[in-house]
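Structural description and commentary
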Amino acid sequence: MLVALIMVAVVAASLLFHFLSPWRMTPIASNWGYIDNMMGATFWITAAGFVAVILFMAYCLFRFRHQEGRRAAYEPENQKLEGWLAIGTTIAVVALLAPGLFVWGQFINVPEGAMEVEAMGQQWQWSFRFPGADNRMGSSDVVFIDSNNAFGVNPNDPRGQDDILVSNDDLHLPIGKPIKMLLRSIDVLHDFYVPEFRAKMDLVPGIVTYFWFTPTKIGEFEILCAAFCGVGHPQMRAKVVIESEDEFKTWLAARQTFAQSRRGEAAHDRRASAQ
Amino acid sequence: MTDATLGEKENVLPPPAEVEDVELYHAKSWLTHYVFSQDAKIIAIQYAGTAIAIGLVALVMSWVIRLQLAFPGAIPFIDASHYYQAVTMHGMIMVVYMLTAIFLGGFGNYLIPLMVGARDMVFPYVNMLSYWVYLLATLVLTASFFVPGGPTGAGWTLYPPQAIMSGTPGNDFGIILMLASLILFIVGFTMGGLNYVVTVLQGRTRGMTLMRLPLTVWGIFAAAVMALLAFPGLFVACVMLLLDRTLGTSFFMPGIVEGGEHLKYNGGSPILFQHLFWFFGHPEVYIVALPAFGIVSDLISTHARKNIFGYRMMVWAIVAIGVLSMVVWGHHMYVSGMNPLFGFFFAVTTLAIALPTAIKVYNWVLTLWRADIHFTTPMLFALGFIVTFVNGGITGLYLGNVIVDVPLSATMFVVAHFHMVMGVAPVLVIFGAIYHWYPKITGRMLDETLGKIHFWITFLGAYAIFFPMHYLGVLGVPRRFYELGETAFVPHSAAALNIFITMAALIVGAAQAIFFFNVFWSLRHGKPSGSNPWRATSLEWQTPETPPGHGNWGKELPIVYRWAYAYSVPGAPEDFLPQNAPPLKGEHSP
C-alpha cells in the first residue's frame, strides 16, 4: 500500500519538478528552433511512457499485494499483448526518429553562400580567422606555426594573405546570415559551444571540422569549451557578439590581415636586430 | 503453455549425461582452500569483496566531486587537478573495476555453476588466475594515487591527445598506471569470461536446456560474450596510447603545438581512439545492464510468486540488445567531428535498441499483474530498479536521437542520464541481489528492517540526486567544469540546486553504512535461513547443504524437469515447483 503510494508520489514529484522548475533552456539565439521543438516532442512522448509504466506498476503493487490466501495467476506469455506493445513502442520510436533525422539532414548540409569563419582552439583560449577580401580562407597547418605565425596560415598560399586574424579576443558576427564555422585545434580536443545557439561541434587537431547556424538575436553570448581539454578547461572562454551587418563590417575592417601581421612582426624583428 | 491439469503427454526423463561427472580439484590446505581457491563460490566472494572495496574509493571520489560543485573553492584540498583526478578515478573505477567485476566476477562466479547445475566452472584454475590478475589490476590502479603527480585526470574516457599531454594532471605516471591496469584487467577478465561462456554452454546438468535457464544466467552469459568481443577494442586502444605516451609513436597523436613548441608527434588520429574506446564503451553499458536485467527478472518473479511474463521474448530481447549494442557506439561521438553521415546510421541503431529494452520493461511490470507481491527487501530494490531504469532509459531517447543530442551532449544532462541508467539502476540490482542471495552464501538472513531503511534512503536519495541534475544540463551547464564561475546564461538558483544535490549525495553515501553493518552483523546474528528461504524454484536453492559445499551437489547432480519460473502453477501443491522436483502427474512444463 505504502510502496504503491510512494511510487505514485515519485511520478507526481517528477512532473511537478518539471513544470515548476526555473531551470529551462536558455532563450534561443539561432535558427535551430527545430532542435527545441524536437526536445519538446521527446519530452511529451517519453514522459507519457514513464508515467504510464510507473503508474501501472503502482496499481499492480496496490492491487496484487500479498494477502492471506492470495495465489498468483499462471500466464507464461501472451503473444497478442506483447505484439501490440511492440507495435506501439515502434510507432513512438519512429515518431521521434524520423523528424530527428530530417533535422539532422539540415544540420549537416550547409546552405549555399554561408559565411565561413574559422575558430581555432588551443589550451586555453579561442582565436578566430575570417577569409578576407577574396572570400577564401588560406590553407593552414600546425607546421607553419612559429613566433610570428600563431595561426599556422600557409605563408605561401596567396589566398591566405588577406585573411583577417582575431587572436585571443572576442568574435563578432553579423545577424541573420548563415555562418559556417570551420573548427581547428592546434593541440587537444576542444568544442565550440554557445548554449544559446544550440549547435556545437568538436575541434580536432589534425583535421578541420564544421557546423553551421544563423544568429537570430543581437547581443553578447558566451563561448565555452565543451570537450575536456586539461586543467584550464573551464577558463577557455570568449564572447561572441552578434551585431548588425554595418557594425560587423566596421569591426572587421579594424582587424589585421595575415600579411599585415607578418609585416608588423618583420618590422619589429628588424628593429630588434638593429639594436 | 503449461497446465498441470491438462497433461496429455507422459513425462520423459531427460537424456543421460553426455559427459561423465569429472572429478574436481580438491584443496588440501587452508591456503588453497580460502586464498588461492579454485572454487567458484570463493572466487565470487573475492571478486565481489575487491569490487566493493575499490567501489568505496569511488564513493569517496564522488563526494569530492559533489563538494566542489556545491561549494566551489571552499575546500582548499580540492583544486582543479584534484577535481579532475577524482572525476576520472570515480568514473573508471565504477564502470570497470566495480560494476563489471561484481556482476561477472562476483555474481557470475557464484550463480552460474549453481544455477546451471554444475559442480564448478569448467576451468577452475584459469578462474582462479582471473581473480588474481584482477586484484593486481586493482592494486596497480590504486598505486596511481601514490605516485608523483597522482592519478590521471584525463576523464574516464582518456581521450588523447589531452590524456598524455602536460596540461592534464597525472600525465606522468598516473596515465601509464591507468593504461597498464586496464590492460591487466582485460587479461584477467578474458580468463574469467571464457569460463562463464563455456560453463553455460557445456556445464549444464541433464534437462537444463538453454530455454530453461534462469534469466540471470542468460543475462550474465550474453554480457560475457559481449565483453569478450568488446574489451579487445579497449585493449588495443590502451596498448597504442601507452606506446604513444612512452615511446613517442603517433597512433592517436597528430602534429601538435604545445606552448609554442612543436611536439614530435605527427599523423595520428584522435578520433580513431574514440572509435576504439566506444566500440568497447557502449557494449560496456550493456555488459553491466544485461546481468542486472537478468537478476531483476528473477527477483521480481520469485518475490511476486509469478512466472516471469514472456520468458522467450525476454531471452530474445537479451540477445537482440547484445547484438545491437555492438553497432551503436557512434552515438557517443555525434559531435566528435567524425563524418556527419554516421549520425544517420547510429541514430537508427540506437533508437532501435529502445524496442527490445522497452519490451523487457513491459514484461517486468506485466509480471506484477495478478501476482502475489511480497514486499521483501530484494523486491523493493527490484522495484526501485524499474523506476530508475525507465527514467534513465527514456532520457536515452533524447541523447540517441542525433539532433537532440547536439545541444545536450557534454552537459550535465548526459551525466544525469548515464548515472540514472547505468549507475543507480544496476547498483540497486546489486543490493537487491545481495539481500536475495546472502542467505544462500552465509546460511543467514539479512535484517529486513535495516534492509528496508537502506532501500528507501538509497532509492529516494539517488533519485533526488540525478533527476534534478538533468535540468542543469537542459539549462546548458557543461560537465567536467571544475567551476562554472559567473555565466550570464546560468541563474543563481542553479547554485542552490547544486547544494541540494550534494546534500542528497552525502546522505545516500553515508546511508550505505547501514548496509555494511547489516552484512557484518547478520553473519553471526542473522536469522538462520534454511536452504530455500524465499521458496524459489531455481537450482541454487535446492543444494543439499547451505552454504553449498565443495562440488555443490553432494553425490548426484540434479536433474532438471522444467523452467525456472514454475510459480503458482495450477494444481501444484505449493506456489513453487523447484526445477529439479520430479514431474507432477500429467505436468507439461516448458
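All residue numbers refer to position in the chain's written sequence, counted from 1. As they are written, the chains are lettered A onward and the ligands numbered 1 onward, keeping that order. Owing to the predicted nature of the model, reporting of local features is limited to residues with pLDDT of at least 70; listing and counting of side-chain atom pairs is limited to 80 or more, with chain, interface and lining totals taken over all residues.

Once that is clear, we can look at the overall build of chain A. Across its full length, chain A holds five helices and 10 strands. Atoms counted for the radius of gyration: C-alpha only. Globule rule: 2.2 Å times residue count to the power 0.38. The C-alpha atoms of chain A give a radius of gyration of 27 Å, which is well past the 19 Å a tight globule of 275 residues would have. Over its C-alpha atoms, taken along the principal directions, chain A stretches across nearly 105 × 40 × 35 Å. Here chain A holds 275 residues, and 39% of them are scored as buried. We call two residues in contact when the distance between their C-beta atoms, placed using the backbone, is within 7 Å. When contacts within chain A are restricted to residue pairs at least 6 apart in sequence, long-range pairs at least 24 apart make up 71% of them. Helix and strand assignments come from DSSP, with helices taken as H or I runs of at least 4 residues and strands as E runs of at least 2, each series counted from the N terminus. Once C-beta atoms are placed from the backbone, each residue is buried if 20 or more other C-beta atoms lie within 10 Å of its own, exposed if 12 or fewer, and partly exposed for counts between those two.

Moving on: the sheet that holds strand β7 (residues 200-203) of chain A. Residues and elements named next belong to chain A. In this analysis, strands are considered paired if DSSP registers two or more bridges between them. Strand order across the open sheet formed by five strands is β4-β10-β9-β6-β7, with mixed pairing between neighbours. Of all strands in the sheet, those with a lone pairing partner are β4 (171-174) and β7, marking the two edges. Adjacent strand axes in the sheet meet at a mean angle of 25°, parallel and antiparallel pairs treated alike. Judged from the four bridges that link them, β4 and strand β10 (residues 238-243) form a sheet pairing that is parallel. Among the inter-strand pairings, Leu171 is bridged to a residue of β10, identified as Val240. Note on method: axes are straight lines fitted to C-alpha atoms, helices fitted across the in-contact stretch only, with angles between N-to-C directions ranging 0 to 180 degrees. Along the sheet, helix α4 (residues 245-253) contacts β4 and β10; its crossing angle with β4, the most-contacted strand, is approximately 140°.

All names here are of chain B. For the pair helix α11 (residues 377-400) and helix α14 (residues 448-475), the least separation of the axes is 9 Å and the interaxial angle reads 10°. In terms of their interaxial angle, α11 and α14 are classed as roughly parallel. When α11 is examined against α14, the residues Thr377, Leu380, Phe381, Gly384, Thr388, Asn391 and Thr395 are found in contact with a partner set consisting of Glu448, Gly451, Lys452, Phe455, Phe459, Ala462, Tyr463, Phe467 and His470. Considered class by class, the residues forming the contact of α11 with α14 number seven nonpolar, seven polar and two charged. The cut-offs work like this: below 35 degrees is roughly parallel, past 145 is roughly antiparallel, 65 to 115 is roughly perpendicular, and the gaps in between are oblique. Under the scheme applied, nonpolar residues are Ala, Val, Leu, Ile, Met, Phe, Trp, Tyr, Cys and Pro; charged residues are Asp, Glu, Lys and Arg; polar residues are all the others, including Gly.

Once that is clear, we can look at the interface of chain A and chain B. At the junction of the two partners, chain A supplies 81 residues and chain B supplies 98 residues. For the side of chain A that touches chain B, the elements supplying multiple residues, two or more each, are α1 (2-20), α2 (33-63), α3 (79-108), β6 (190-193), β7 and β9 (219-225) of chain A. A per-class count over the side of chain A that touches chain B returns 52 nonpolar, 16 polar and 13 charged.

One frequently used descriptor of interface size is the decrease in accessible area upon assembly of the parts. Residue and element names in this part refer to chain A. When its domains are assigned, chain A resolves into domain 1 (2-64 + 78-108) and domain 2 (115-274). Once you take the C-alpha centre of each, domain 1 and domain 2 turn out to be 40 Å apart. Tallying the contact residues gives eight residues for domain 1 and 13 residues for domain 2. Delimitation of the domains relies on an automatic or database domain assignment.

This next bit is on the sheet that holds strand β1 (residues 115-122) of chain A. Residues and elements named next belong to chain A. Read across the sheet, five strands follow the order β3-β2-β1-β5-β8 without closing on themselves; strand pairing throughout is mixed. With partners counted over all chains shown, the strands left at the sheet margins are β3 (164-166) and β8 (209-213), one partner each. Each adjacent strand pair in this sheet contributes to an overall mean axis angle of 25°, direction not counted. Direction of pairing for strand β5 (residues 179-185) relative to β8: antiparallel, over a ladder of five bridges. Paired with Leu182 across the two strands is Tyr210, which belongs to β8.

Another aspect to go through is unusual backbone geometry. Along the chain, A:Gln123 connects to A:Trp124 via a cis peptide bond; the corresponding omega equals -5°. Position of A:Trp124 relative to the elements: it lies in the loop between β1 and β2 (125-130). Residue B:Pro161 follows B:Pro160 across a cis peptide bond; omega there is 0°. For B:Pro161, the location among the structural elements is in the loop between α4 (124-143) and α5 (174-202).

Moving on to the pairing of β7(A). Residues and elements named next belong to chain A. Relative to β7, β6 runs antiparallel, the two sharing four bridges. By the bridge assignment, Phe192 is partnered in β7 with Met201. Taking the residues between adjacent antiparallel strands as the criterion, β6 and β7 are bridged by six residues, where Arg198 takes a positive phi near 70°.

Take the nonpolar core next. By size, the foremost hydrophobic cluster in this structure holds 282 residues, and its most contacted members are B:Ile102, B:Ala223, B:Leu241 and B:Ile386. In terms of residue count, the dominant contributor to this core is helix α3 (residues 80-116) of chain B (24 residues). Three or more residues apiece are contributed to this core by two domains, here domain 1 (2-64 + 78-108) and domain 2 (115-274) of chain A. Residues in contact with B:Ile102, not counting those within four places in the same chain, are B:Tyr47, B:Ala48, B:Ala51, B:Ile52, B:Phe107 and B:Ile430. Nonpolar cores are built from buried Ala, Val, Leu, Ile, Met, Phe, Trp, Tyr and Cys residues. These are joined into a set through C-beta atoms within 7 Å.

Take the environment of B:His26 next. Within the secondary structure, B:His26 sits in the segment before α1 (30-35). By C-beta crowding, B:His26 is classed as exposed, having 11 other C-beta atoms within 10 Å.

A word on the environment of B:Tyr482. Turning to its location among the elements, B:Tyr482 is positioned in the loop between α14 and α15 (493-525). On the basis of neighbour count, B:Tyr482 is assigned to the buried category, with 23 C-beta atoms found within 10 Å. The spatial distance from the C-alpha of B:Tyr482 to the C-alpha of B:Ala416 is 17 Å, given a sequence separation of 66 residues. If near-sequence neighbours (up to four positions away) are discounted, B:Tyr482 is found in contact with A:Pro234, B:Gln68, B:Ala80, B:Tyr83 and B:Tyr84.

This part is about helix α7 (residues 270-303) of chain B. Residues and elements named next belong to chain B. Here the expected span of a helix is defined as 1.5 Å times the quantity of residues minus one. End to end, α7 covers 49 Å across 34 residues, agreeing with the expected 50 Å (1.5 Å per residue, within 8%). Consider a residue and the seven residues that end there alongside the seven that start there; fitting an axis to each set, the bend is the angle between those axes. Maximal helix bending in α7 amounts to about 30°, located at Trp278. Counting buried positions along α7 gives 31 out of 34 residues, so the element sits mostly inside the fold. Two residues or fewer past α7, Arg305 is found with a positive phi of approximately 55°.

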